[in-house]
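Chain and residue survey
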Amino acid sequence: MKGDRVEIVVDAGDTTRTYEVVASRAGRRVETAVRRRVVEVSEVTRSGTVVRTARFMANRVLALVEQPVPREDGSEKAGQSGRPFGDVPEA
C-alpha cells in the first residue's frame, strides 16, 4: 500500500545514519527480511516483483522500524480481536 514505510538506523563508525524505504506508488508494499547476516528491505509490487532493495549488514543495524499503513481490505487474520494477550473481554 502506498505509504508503507521502513526506517533503518545504521551504525556508520563515529555517527549513525538513517535510511527510509517508502512504498512510492499505490499497490506497492515494503517487505523486510534477514538472510545470511544481511537485512534486506524491498519495495514490492502487487504481483511480487521487487522494484528496489536496500541491503545492510545486520551487525551494523541499530534499529529497524516498520510503519505500515492500516489495511482496510480485511487482510487481517480471521479470529484476531486486536486485544493483547491475557486481556479478558468484558461480558
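A few points on the structure. These numbers were taken from a predicted model, which means no experiment stands behind them. (Residues numbered from 1 in each chain as written. Predicted model: local features only at pLDDT ≥ 70, side-chain atom pairs only at ≥ 80, totals over all residues. Heavy atoms only, no water.)

**Concerning the packing of aromatic side chains**
By convention here, two paired aromatic rings are described through the distance between centres and the angle between planes. In the structure shown here, the tally under the stated rule is 1 aromatic pair. Plain terms: the ring middles of Y19 and F56 are 5.3 Å apart, the flat faces sit at 45° to each other, and that makes the pair tilted. Of the two residues, Y19 is situated in strand β2 (residues 16-22) and F56 in strand β5 (residues 50-57); the sequence distance between them amounts to 37 residues. (Phe/Tyr/Trp six-rings, centres within 6.5 Å; stacked < 30°, edge-to-face > 60°. Helix = DSSP H or I, 4+ residues; strand = E, 2+ residues; numbered from the N terminus.)

**So, the side chain of S42**
Tracing the chain through its elements places S42 in strand β4 (residues 38-44). A relative accessible area of 9% means that S42 is categorised as buried. In terms of polar contacts, S42 uses its side chain to reach the side chain of T53, at 3.2 Å. The contact partners of S42, leaving out residues within four places of it in the chain, are R29, V30, E31, V50, R52 and T53. (Buried < 20%, exposed > 50% of the residue type's maximum accessible area, 1.4 Å probe, protein only. Polar contact = N/O pair within 3.5 Å; in protein donor to acceptor, adjacent residues only side chain to side chain. Contact = heavy atoms within 4.5 Å.)

**Observations concerning the sheet that holds β5**
The antiparallel open sheet is built from 3 strands, whose spatial order is β3-β4-β5. Each edge of the open sheet carries a strand with a single partner, namely β3 (29-35) and β5. Put simply, the sheet's adjacent strands are angled 20° from each other on average, direction ignored. In this structure, β4 lies alongside β5, joined through 7 bridges in antiparallel fashion. (Pairing = 2+ DSSP bridges. Axes fitted to C-alpha atoms, helices over the stretch in contact; angles between N-to-C directions.)

**A word on the pairing of strand β1 (residues 5-11)**
Alternating positions in β1 separate cleanly, V6, I8 and V10 being buried on one face and R5, E7, V9 and D11 remaining unburied on the opposite face. Direction of pairing for β1 relative to β2: antiparallel, over a ladder of 7 bridges. Residue pairing across strands places V10 opposite R17, the latter belonging to β2. The turn joining β1 and β2, which pair antiparallel and follow one another in sequence, is formed by 4 residues; a positive phi near 85° is taken by G13.

**A few points about the sheet that holds strand β6 (residues 61-67)**
Within the open sheet, the 3 strands sit side by side as β2-β1-β6. Their pairing is antiparallel. One side of each edge strand has no neighbouring strand; the edge strands of this open sheet are β2 and β6. With direction set aside, neighbouring strand axes in the sheet form an average angle of 15°. In terms of strand pairing, β1 meets β6 through 6 bridges, oriented antiparallel. Directly across from V10, in β6, lies its bridge partner V61.

In short, the description is geometric, and any link to function would need to be established separately.
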